Amino acid sequence: MIRFYFHPTPNPAKVALFLEETGLPYEIVPVDTRKGEQHLSAFRAVNPNGKLPAIVDTDGPGGREARVFDSTAILLYLAEKTGKFLGAPDDRPELLSWLLFLASGLGPFSGQAVHFQHMAPEGLAYAVNRFRREAERHFQVLDEHLKGRDFIVGNIYTIADMSAWGWLDRAAFVLKGEADPLAAYPNIKRLIDVVNARPAVARARAVGKDHVFKTDNDEEAKRALFPSNYPTAA
Ligand SMILES: N[C@@H](CCC(=O)N[C@@H](CS)C(=O)NCC(=O)O)C(=O)O
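Within any chain, residue numbers begin from 1 and follow the written order of that chain's sequence. Only residues with pLDDT of at least 70 are given local features in this predicted model, and only at 80 or more are side-chain atom pairs given and counted; all residues enter the totals for whole chains, interfaces and linings. Processing note: side-chain calculations cover all non-hydrogen atoms of the structure and skip hydrogens and water entirely.

Draft legend 1. A look at the overall build of the protein chain. The secondary structure listing takes helices from DSSP runs of H or I that are at least 4 residues long and strands from runs of E that are at least 2 residues long, numbered from the N terminus. Counting secondary structure elements, the protein chain contains 10 helices and four strands. Listed by position from the N terminus, the elements making up the protein chain come as β-α-β-α-β-β-α-α-α-α-α-α-α-α. Each radius of gyration reported is based on C-alpha atoms, and the globular scaling rule is 2.2 Å times the count of residues to the power 0.38. Against the 2.2 N^0.38 benchmark of 17 Å for 234 residues, the protein chain shows a C-alpha radius of gyration of 18 Å, consistent with a compact globule. In terms of principal-axis extent, the alpha carbons of the protein chain reach across some 55 × 45 × 35 Å. Under the scheme applied here, a residue whose accessible area is under 20% of the maximum for its type counts as buried, over 50% as exposed, and between as partly exposed, the area being computed with a 1.4 Å probe on protein chains only. Per-residue burial over the protein chain gives 47% buried out of 234 residues.

Given below as structure tokens:
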């Protein structure tokens, strides 16, 4: 059994998709980040970095319970555990390269683009420009790579596509103000349309829907999500 620590945001969505693709048995543990539940010590024991997603595999290596945190680590761990969606062994260098490109580039720059366009105080034009343009540049790199390809690695559906889907599915949020945010990236659009047509996507989108998560970005939420913006007095 997998305990899946979840919040309805892009990085947990990648893991929801993998779990639904494979049918691994799992249960959801909602963590409401706008209420600060990611900072509770019980959750920090699962992810010392205090972010979602994280999992506990009650049947980890050696039959012992194992925690895994960070979406890419979880995708790799579960793909190796199940032997599914890793692609061909000869394509492992490509798989690792694209997974890390998504984990350290496209994802974080998309996240910062969202932060500065939707959450930060207005007037930070330099930051908006920097992160929006860098998100776009990462989209462009992926779009170029996808020219003439059906999927990111080896022309079969892998965890790299699931990882990309997490953020690209929220492109309208990342590329604020674009009526058709993927229009400039036709190869990404084709990939996302193919992924979205998979039955597991509808199930992944439904994950956590029976839980009411806080949506207000009030003072409590800002302090919970961005604690380093509120240093304690010396
Ligand atoms: N590198 C991490 C990033 C995780 C992350 O930033 N998660 C967000 C949700 S998508 C989160 O937990 N935000 C709440 C917070 O930062 O307190 C991953 O890929 O899992």
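Draft legend 2. Spatial organisation of the side chain of Lys 214. Within the secondary structure layout, Lys 214 lies in the loop between α9 (199-206) and α10 (219-225). Apart from the residues lying within four places of it in its own chain, the contact partners of Lys 214 are Asp 32, Arg 34, Lys 35, Glu 220 and Ala 221. Contacts are assigned to residue pairs that have any heavy atoms within 4.5 Å of one another.

Draft legend 3. Local environment of the sheet that holds strand β1 (residues 2-6). Note on pairing: DSSP must find at least two bridges between two strands before they are called paired. In spatial order, the strands read β2-β1-β3-β4; together these four strands make up an open sheet with mixed pairing. Since the sheet does not close on itself, it has two edges, and those belong to β2 (26-30) and β4 (66-69), each with one partner. In this sheet, neighbouring strand axes are inclined to one another by 20 degrees on average, regardless of whether the strands run parallel or antiparallel. Bridge count for β1 against strand β3 (residues 54-57) is four bridges, and the pairing is antiparallel. The partner of Tyr 5 across the bridge, within β3, is Ala 54. Orientation is described by axes fitted as lines to C-alpha atoms, over the contacting stretch for helices, and by angles from 0 to 180 degrees between their N-to-C directions. Where helix α3 (residues 71-82) meets the sheet, its contacts fall on β1, β3 and β4, and the angle it forms with β4 comes to roughly 130 degrees.

Draft legend 4. Looking closely at the layout of surface pockets. Grid points spaced at 1 Å over the protein atoms alone were grouped into cavities, where a 1.4 Å probe fits but cannot get out, and pockets, open sets with protein on both sides within 12 Å along at least five of seven lines, with lining residues defined by an atom within 4 Å of a point. Grid points are joined across faces, edges and corners, and a volume is the space filled by probe spheres set on the points. In this model, the largest pocket occupies a volume close to 1400 Å³. Lining the largest pocket are 44 residues, and of these Thr 9, Asn 11, Lys 51, Gly 111 and Trp 167 sit closest to its centre. Secondary structure elements with two or more residues in the lining of the largest pocket: α1 (10-22), α3, α4 (92-119) and α10. The element that contributes the greatest number of residues to the lining of the largest pocket is α4, accounting for nine residues. Under the scheme applied here, ten amino acids are nonpolar (Ala, Val, Leu, Ile, Met, Phe, Trp, Tyr, Cys and Pro), four are charged (Asp, Glu, Lys and Arg), and all others, including Gly, are polar. Looking at the lining of the largest pocket residue by residue, the classes come out as 18 nonpolar, 19 polar and seven charged. What the second largest pocket holds in volume is close to 240 Å³. Forming the walls of the second largest pocket are 15 residues, and the residues nearest its centre are Pro 8, Arg 170, Arg 205, Val 207 and Lys 209. Partitioning the lining of the second largest pocket into residue classes produces eight nonpolar, three polar and four charged.

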